[in-house]
Amino acid sequence: MKHYKTLEFDKILEMLASHARSDNAKKLCIQLSPANSLQDAERKINETTQAKKIIENVGTPPIATMADLDKTLGLLGVDALLTPEQVGHVYTFLMACRRLKEYLKRAESTGSDIAYYGGSIALLPELENEIDRCIRNGQVDDRASQILLDIRRKISSTGEQIKSKLDGLLRKNKAWFSEAFVSVRGGHYTLPVKREHKHDVQGSVIEISNTGGTCFIEPTSVRKLQDELGVLYVEEDCEVRRILYTLAAMIDEALPSIRLNIEAMEILDFLFAKAYISIAMNGSPVRISTNRELRILSARHPLLNAATAVPLDFSLGDGISGVIITGPNTGGKTVALKTVGLLSLMAQSGLHVPADSQSTFCINDTVLCDIGDGQSISENLSTFSSHITNIIDILKTSSKTSLVLLDELGSGTDPAEGMGIATAIIEELLRLGCLFVATTHYPEIKELANTKAGLINARMAFDRDSLVPLYRLEIGESGESCALYIAERLGLSAHMLTRAREAAYSVVKPKSEQTAPNKSSIIEVKPLAVEQTEEKPLATPRSQRFSLGESVTVYPQKDIGIVYAKANEKGEIGVLVKGKKLLINHKRLQLKVAATELYPADYDFSIVFDSVANRKARHVMEKKHVEGNTVIIKE
């Protein structure tokens, strides 16, 4: 499943398979999948725990590799002749079965149920001893039968007679030969005769050297002995075949028991592989709950360096179905997301996880995720399109028993629209009732998590002094992207930072550049009546494009409000909503009706937004104002 691969569950299965010895056990490891029920998940975890306990108390189990064993046994069904090497494979397996049975007998002292698998392993001492007697060093041994022993003795004796005669010829006529020893060519004892003397030696030319200077000749004087030797070789081959057929018949008779032993060996190989990976990653058995909850304590991502990885504490449940994680880039948000998903898959599959044993996981019908940019050139998908396509599929697939993980929700498009889409997705996940975790940079989503039932904020801790992410998740707190702060600390020029703040928050002048008032200042008092707003150029920051009196929609609640104050330095606009004056970030606002369509050009908005007392005071001030006068304020 693509979501499991995104979470790198396939890499965990490959690690698991590397600890198995037999091919079929490796396949079981690769095919491991999350259990669908609480009982299955608990049983699988318990098996891993028992296997680990046995290894820690009894030592390494003698698991056979069973290489080529299936192929060897398959030849029995077609009456094929087994080679001595293939019979040796069976013997190696029978020895491993005997040793494993003894190992599991010792393991019974641990109280583990797995130890009693030894009772299902059948010992076949008669077959094991017979193969051991007949096959040595990959060959049929001389003592496999008396007939074979006699034949091989005759072969040896005849060969010695031939060599003795040939040695005599070598000594008498040294000038005829290129070498002073007997050579065996094509199964014949021959003499290395120089080419110019080949007619001096009566016999048959068996072979000629590459240079043509030497002829290997079988002398006529030893031909009778050579023929006898040939007959003996045929007799030997017949006896060897008879012995191998006899052993094959014995193996065939024991085949049902051997098959059961293979099955038991493969299951134990798989179980001990789960134990080995637990030992390798210092894993723990965790609790599986029927409730929709996650309580992960001191967890580590299993593919990260255990010595440097910062432990993760995470929780979901008890009325909270969604966690919104915020914080700076490279702060560990994605790693936290993957850790939650990967450990959930591991626990549900019966594996130990690198976390505190008091951690609790729940049964999910599936774990769905959208992590990474997913950009595809072949499918002509942008990052945003890929995200949305994937998320649509996730929303169609997820249910109340799903776990959904979304990274950088709403990214890759216009921030305002991305925020709106992110809000809609989160609300849909809440409606579906699944557990979910999402990472984002949108402040509006943080605010949504603060106010929406079922949601909670979380942040990745960040050291502002050293600019070092701490990779520590803090539930209940919202984080900041710290982009401008990081850029300033890293040396971005002051004028660029000023422009960045203006663009982000519509700041006319940074606070640090504003002139502090003197003890006595001259203040020019102007009427509060608002002049008609001129059409703004395209370069005007978005927060400055909202005019007094305009009707706006406030997201995500979609409430209707009236602008009563322009944007402040943080980009917050004063909006009158349901009788309350609120400061709302401009990114959450969308123009509904322009002020020019609602009010006359010279309309005094103080009638709408000011109190009666304020309007009277302003009327008095305007009435008594004298052009050219100034007001001096003294302490």
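You'll find the structure just up there.
About the thresholds
Residues numbered from 1 in each chain as written. Predicted model: local features only at pLDDT ≥ 70, side-chain atom pairs only at ≥ 80, totals over all residues. Heavy atoms only, no water. Helix = DSSP H or I, 4+ residues; strand = E, 2+ residues; numbered from the N terminus. Buried < 20%, exposed > 50% of the residue type's maximum accessible area, 1.4 Å probe, protein only. Contact = heavy atoms within 4.5 Å. Areas by Shrake-Rupley, 256 points an atom, 1.4 Å probe, with all protein chains shown as cover. Phe/Tyr/Trp six-rings, centres within 6.5 Å; stacked < 30°, edge-to-face > 60°. Lys NZ or Arg CZ within 6 Å of the ring centre and 35° of its normal. Salt bridge = Lys/Arg side-chain N within 4 Å of Asp/Glu carboxyl O. Pairing = 2+ DSSP bridges. Axes fitted to C-alpha atoms, helices over the stretch in contact; angles between N-to-C directions. Core = buried A, V, L, I, M, F, W, Y, C linked by side-chain atoms within 4.5 Å. Expected span 1.5 Å × (residues − 1). Arc of directions from axis to C-beta. Parallel < 35°, antiparallel > 145°, perpendicular 65-115°, else oblique. Left-handed = near helix turned anticlockwise from the far one by under 90°. Polar contact = N/O pair within 3.5 Å; in protein donor to acceptor, adjacent residues only side chain to side chain.

> Talk me through the overall build of the protein chain; I want residue IDs and the actual numbers.
When helices and strands are tallied, the protein chain shows 19 helices and 23 strands. A burial count over the protein chain gives 43% of its 635 residues as buried. Counted over contacts in the protein chain with a minimum sequence separation of 6, partners at least 24 positions apart contribute 65%. Roughly 34000 Å² of accessible area belongs to the protein chain as shown, and the carbon and sulfur atoms make up 51% of that amount.

> Describe the environment of L351, with residues and values.
In this fold, L351 is placed in the loop between α11 (333-348) and β11 (360-362). For the pair L351 and T49, spaced 302 residues apart in sequence, the C-alpha separation works out to 8.9 Å.

> Give a description of the packing of aromatic side chains that names residues and reports values.
Using the criterion set out here, one finds three aromatic pairs in the structure. A centroid spacing of 6.1 Å and a plane angle of 85 degrees characterise the contact between Y4 and F9, whose relative ring orientation is edge-to-face. For Y4, a relative accessible area of 16% translates into the label buried. When the ring centre of F216 is taken as reference, the NZ or CZ atom of R185 above it lies at 4.1 Å. Residue placement shows K581 over the ring face of Y564; its charged tip is 5.0 Å from the ring centre.

> Quick rundown of the pattern of salt bridges? Include the residues and the values.
For the structure shown, the criterion picks out 21 salt bridges. One salt bridge connects K11 with E8, and the closest N-O pair in it is separated by 3.1 Å.

> Outline the pairing of strand β5 (residues 203-208), listing residues and values.
Examined bridge by bridge, β5 and strand β6 (residues 214-219) share five bridges and lie antiparallel to one another. Each residue of the ladder has a partner; that of V205, found in β6, is I217.

> Kindly report on the sheet that holds strand β4 (residues 188-194), identifying the contributing residues and their values.
Within a beta sheet, neighbouring strands are joined by backbone hydrogen bonds and run either parallel or antiparallel to one another. Pairing within the open sheet is antiparallel, and its four strands lie in the order β3-β4-β6-β5. The sheet is open, and its two borders are formed by β3 (183-185) and β5, each paired with just one other strand. Pairs of neighbouring strands in the sheet enclose a mean axial angle of 50 degrees, with direction left out of account. Summarising the sheet, β4 and β6 pair through four bridges and their orientation is antiparallel. Counted as the bridge partner of P192 is F216 from β6. Taken strand by strand, helix α8 (residues 146-172) contacts β4 and β6, and its axis lies near 10 degrees from that of β4.

> Describe in detail the nonpolar core, supporting the description with residues and values.
Within the largest apolar cluster, 103 residues are counted, with the highest numbers of intra-cluster contacts made by I131, I251, I258 and F314. L368, C434, F436 and L455 belong to the second largest nonpolar core, which has 21 residues in total.

> Provide a residue-level description of helix α13 (residues 415-432), including the pertinent values.
Helix length check: α13, at 18 residues, gives a terminal C-alpha distance of 25 Å against a target of 26 Å (1.5 Å per residue), a fit within 8%. Following α13 by one or two positions, G433 adopts a phi angle in the positive range, close to 85 degrees.

> I'd like to hear about the pairing of strand β21 (residues 580-585), residue by residue, with values.
Sheet topology places strand β20 (residues 572-577) next to β21; six bridges connect them, and they run antiparallel. The residue bridging I573 from the neighbouring strand is I584, located in β21. Here β20 folds back onto β21 in antiparallel fashion, the turn holding two residues, of which K578 has a positive phi close to 50 degrees.

> Could you give me a rundown of the environment of L337, with the residues and numbers involved?
Among the secondary structure elements, L337 is positioned in helix α11. Taking the C-alpha atoms as reference points, L337 and L7, 330 residues apart in sequence, are found 9.0 Å from one another. Not counting the four nearest positions on each side in its chain, L337 is found in contact with I371, L405, L406, D407, V437, A438 and T439.

> Requested: an account of unusual backbone geometry, with residues and values cited.
Although it is not a glycine, D68 adopts a positive phi angle of roughly 65 degrees. Here D68 lies in the loop between α4 (38-58) and α5 (69-76). Unusually for a residue other than glycine, D318 sits at a positive phi of about 55 degrees. For D318, the location among the structural elements is in the loop between β9 (312-316) and β10 (322-326).

> Help me get a handle on helix α2 (residues 9-18), residues and values and all.
Note on helix geometry: an α-helix contains 3.6 residues per turn, so any two residues three or four positions apart are oriented the same way. Among all positions of α2, only F9, I12, L13, L16 and A17 are buried. Summarising the axial view, the buried residues of α2 lie within an arc of 140 degrees, below the 170-degree limit, and thus occupy one face. At its buried positions, α2 is contacted by α1 (2-6), α3 (23-30), α10 (255-280) and α11.

> Help me get a handle on the packing of helix α7 (residues 125-134) against helix α9 (residues 223-253), residues and values and all.
The interhelical angle for the contact between α7 and α9, taken along N-to-C directions, is 160 degrees, at an axis separation of 10 Å. With respect to α9, the axis of α7 lies roughly antiparallel. With respect to the hand of their crossing, α7 and α9 are arranged in left-handed fashion. Within the contact between the two elements, α7 uses E126, L127, E130, I131 and C134 and α9 uses I243, L247, M250 and I251.

> Report on the side chain of E293, specifying residues and quantitative values.
By the secondary structure assignment, E293 is in the loop between β7 (287-289) and β8 (294-299). In this structure the side chain of E293 is engaged in a polar contact, spanning 3.1 Å, whose partner is the side chain of S289. Filtering out sequence-adjacent residues up to four positions away, E293 remains in contact with R287, L316, G317, T360, F361, C362 and L435.

> Give a detailed account of the sheet that holds β21, specifying residues and quantitative values.
With respect to topology, five strands assemble into an open sheet ordered β21-β20-β19-β18-β22, the strand pairing being antiparallel. What marks the edges here is a single partner per strand, and that holds for β21 and β22 (589-593). Ignoring which end each strand starts from, the neighbouring axes of this sheet average 45 degrees apart. Bridging between strand β18 (residues 551-554) and strand β19 (residues 559-565) involves four bridges; their strand directions are antiparallel. Residue pairing in the sheet places V554 in a bridge with D559 of β19.

> Residues and numbers for the side chain of T214, please.
With respect to the element layout, T214 can be found in strand β6. On the basis of relative accessible area, T214 is assigned to the buried category, the value being 12%. With residues up to four places along the chain from it excluded, the contact list for T214 reads S178, P192, V193, E207, I208 and S209.

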